[in-house]
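# Examining the three-dimensional arrangement
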Amino acid sequence: MKILILGGDGYLGWPTAMYLSRQGHSVGVLDNFAKRRWEIELNVEPLIPIRTLQDRVSAWRTLTGHTIDLFVSDLRNYGSVAGVLEKFCPEAIVHYGEQPSAPYSMIDHNRAVFTQVNNVTGTLNVLWAMRKIVPGCHLVKLGTMGEYGTPNIDIEEGFIEIEHKGRRDVLPFPCQPGSFYHLSKVHDSHNIRFACKVWKLASTDLNQGVVYGIETDETELDDRLATNFHYDEVFGTALNRFCVQAVEGIPLTVYGKGGQKRGFLNIRDTLRCVELAILNPAGPGEYRVFNQFTETFTISDIAKLVAQQAGELGFKVEVNFLENPRVELEEHYYNPVHAKLLGLGLQPHYLSDVLLDSMLKRVEKFKLRIKRDIILPRVKWDRKSQELVEEEKLIWAGH
C-alpha cells in the first residue's frame, strides 16, 4: 500500500514511517521542519541528538534497503499539498502534521492564533486535496483524548447515544478541550466529519492518550534512526519530565494535587494502532473514532512509579507539588472507553514493564545533555509571567 505520512520528521511520524516501510508498504514522508524552528525559538532541544530527516531517510535505505520518499512541504500551502498528492498518489494518509503542544498554544496571542491557523488550515487543505486528487484515499488523523476533557460520565469512542424529551439519537460526544491546541483538534474533527459526510471521504480519527517511550524495533537498529525525546515544559510530557528529573537529582514536579487522570500508551502501540487502522479502513463516507490508549494513571501515580523504578537504579527521588500552571480539574471522574483497537487485535505494552530499561536507563545515558533551566513551568493558562511578556516583545518585535 502507498502511505503518506504528514509530519514525518516528528516524534511519532518518523518511527511510523520506518515501521510501515519495514512491513512492506511504499512510504512517503512530508514535513516543513517547523518543530525544529520552534525548538530554536524557545531554546529547547530533544535530549537525544537527532539527525536531519534527510540523513535518517538515507540511513534507513543503507541499513534496510527500503526507500522512503521525502517531500518538503507546508500543509498551509494548498498548491504544495495538491502537488505532493498528485505525485505520490497515496492510498492512505497518516496525519501527524500539526503544532502538537498545549503549552505552546497558551504562551501568548500570536502562538494561540498560529496554532489554530496552522492546524485547522493544514487539515482543510489536506481534505480539499484528497477530494480533488485521491478521493478514495483513507485519512488516518491523529486526534487527542484531550478533545473530550474530563466529563462526569464515561467517555465513549467519538459518539454517544442520548435520549432527550422522548427522542433518541447518536451524536458526537460533547467536547470540553483544555487549551487552544486541543480546540484546534476539535475543529479538525468537525471538519473531517463534515468532509466525509458531503464528499464521501473515509477517515479514522485516533483520539490518542499520552505517548511514552523512546525506542522501537526500528530505532534500535542504529543511533542515526533515533526519534525525539522532549522533557521541557512546552514540548515534553509529565512522564518524560519526571524521568529526567529523577536522573538529574531534581525533585519531581507534580502540578497541583496530582489527581489529574489521563490515558497513556507506549510508542510501539501507537505504531500498531495506526497500522490496524490502515489495514481495516473506514468505508466511503464513514467517519469513525478510536480512543487510542492502553492504561490510565493519575499524575501522582506516574510520579510514584518513576520514583520507585529510579530508586532501583540507585537514584534518590523526591516529589514536590507545584501550583498548577494550567486551568483544569485536579480531581475528577475519568473512565474512557477504548475497545475498538483492542477488538482489531492490539496487544498492549505496559508502562511498568518498559519504564526502567527503555526510558530511565536511556535518559541516564544522555544525562550530560540535560538543560535544567527548561524544565520548570513558566507558561500559565490564566495569566502570563512577566518574563514571558518581555520574551514575547523581543520575539515578535517587527512582526
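Everything that follows concerns the structure shown earlier in this document.
Predicted model only: the values in this text are computed from it and were never measured.

Thresholds, definitions, all that
- Residues numbered from 1 in each chain as written.
- Predicted model: local features only at pLDDT ≥ 70, side-chain atom pairs only at ≥ 80, totals over all residues.
- Heavy atoms only, no water.
- Helix = DSSP H or I, 4+ residues; strand = E, 2+ residues; numbered from the N terminus.
- Rg over C-alpha atoms; globule rule 2.2 N^0.38 Å.
- Buried < 20%, exposed > 50% of the residue type's maximum accessible area, 1.4 Å probe, protein only.
- Contact = heavy atoms within 4.5 Å.
- Areas by Shrake-Rupley, 256 points an atom, 1.4 Å probe, with all protein chains shown as cover.
- Lys, Arg positive; Asp, Glu negative; His and termini not counted.
- Charge placed at Lys NZ, Arg CZ, Asp CG, Glu CD.
- Pairing = 2+ DSSP bridges.
- Axes fitted to C-alpha atoms, helices over the stretch in contact; angles between N-to-C directions.
- Parallel < 35°, antiparallel > 145°, perpendicular 65-115°, else oblique.
- Left-handed = near helix turned anticlockwise from the far one by under 90°.
- Nonpolar A, V, L, I, M, F, W, Y, C, P; charged D, E, K, R; others polar.
- Salt bridge = Lys/Arg side-chain N within 4 Å of Asp/Glu carboxyl O.

### Observations regarding the overall build of the protein
Per the secondary structure count, the protein includes 13 helices and 14 strands. Relative to its length of 399 residues, the protein is compact, with a C-alpha radius of gyration of 21 Å against a globular reference of 21 Å. Seen along its three principal axes, the alpha-carbon backbone of the protein occupies a region of about 65 × 55 × 50 Å. A buried classification covers 55% of the 399 residues belonging to the protein. Sequence separation of 24 or more characterises 82% of the internal contacts of the protein that already satisfy a separation of 6 or more. Split by element, the accessible area of the protein, about 17,100 Å² in all, is 51% carbon and sulfur. For the protein, the distance from the average site of its 45 positive side-chain charges to the average site of its 50 negative ones is 3 Å.

### Some remarks on the sheet that holds strand β5 (residues 138–144)
Backbone-to-backbone hydrogen bonds join strands into a sheet, with any given pair of strands oriented parallel or antiparallel. Read across the open sheet, the seven strands follow the order β3-β2-β1-β4-β5-β8-β12; overall the sheet is parallel. The open sheet has two edge strands, β3 (68–72) and β12 (287–292), and neither has a second partner. Averaged over all neighbouring strand pairs, the angle between strand axes comes to 20°, with direction disregarded. Relative to strand β8 (residues 202–208), β5 runs parallel, the two being bridged by seven bridges. When the bridges of β8 are listed, V140 appears paired with T204. With respect to the sheet, helix α7 (residues 180–199) is in contact with β5, β8 and β12, its orientation differing from that of β5 by roughly 155°.

### Brief notes about the pairing of strand β7 (residues 167–172)
Direction of pairing for strand β6 (residues 159–164) relative to β7: antiparallel, over a ladder of six bridges. Its bridge partner being in β7, I162 is matched across the sheet by D169. Where β6 folds back onto β7 in an antiparallel hairpin, the turn is made up of two residues, including K165, whose phi is positive at roughly 55°.

### Side note on the environment of I374
Position of I374 relative to the elements: it lies in the loop between α12 (351–365) and α13 (386–395). Through-space distance from the C-alpha of I374 to that of V234 is 8.8 Å; in sequence the pair is 140 residues apart. Beyond its immediate stretch of four places on either side in the chain, I374 contacts N43, V44, Y231, D232 and E233.

### A closer look at the packing of helix α8 (residues 238–248) against helix α10 (residues 299–312)
Packing of α8 against α10 leaves a shortest axis separation of 10 Å and a crossing angle of 30°. For the element pair α8 / α10, the angle class is roughly parallel. Relative to α10, α8 is oriented so that their crossing is right-handed. Residues A238, L239, F242, C243 and A246 of α8 lie in contact with α10, whose contacting residues are I299, I302, A303, V306 and A310. Within the contact of α8 with α10, the residues separate by chemical class into 10 nonpolar, no polar and no charged.

### What to know about the pattern of salt bridges
Scanning the entire structure with this criterion turns up 21 salt bridges. A salt bridge links E161 to R168; the nearest nitrogen and oxygen atoms lie 3.1 Å apart. In this structure, E163 engages R168 in a salt bridge whose closest nitrogen and oxygen atoms are separated by 2.8 Å. Salt bridges sharing common partners tie together E98, K141, K185 and D188.

### A word on the packing of helix α1 (residues 13–22) against helix α3 (residues 53–64)
It is at 12 Å that the axes of α1 and α3 come closest, and there the two elements cross at 20°. In terms of orientation, α1 and α3 fall into the roughly parallel class. Where α1 crosses over α3, the handedness of that crossing is right-handed. Contact residues: α1 offers W14, M18, S21 and R22, while α3 offers L53, R56, V57 and W60. Here the contact of α1 with α3 is composed, by residue class, of five nonpolar, one polar and two charged.

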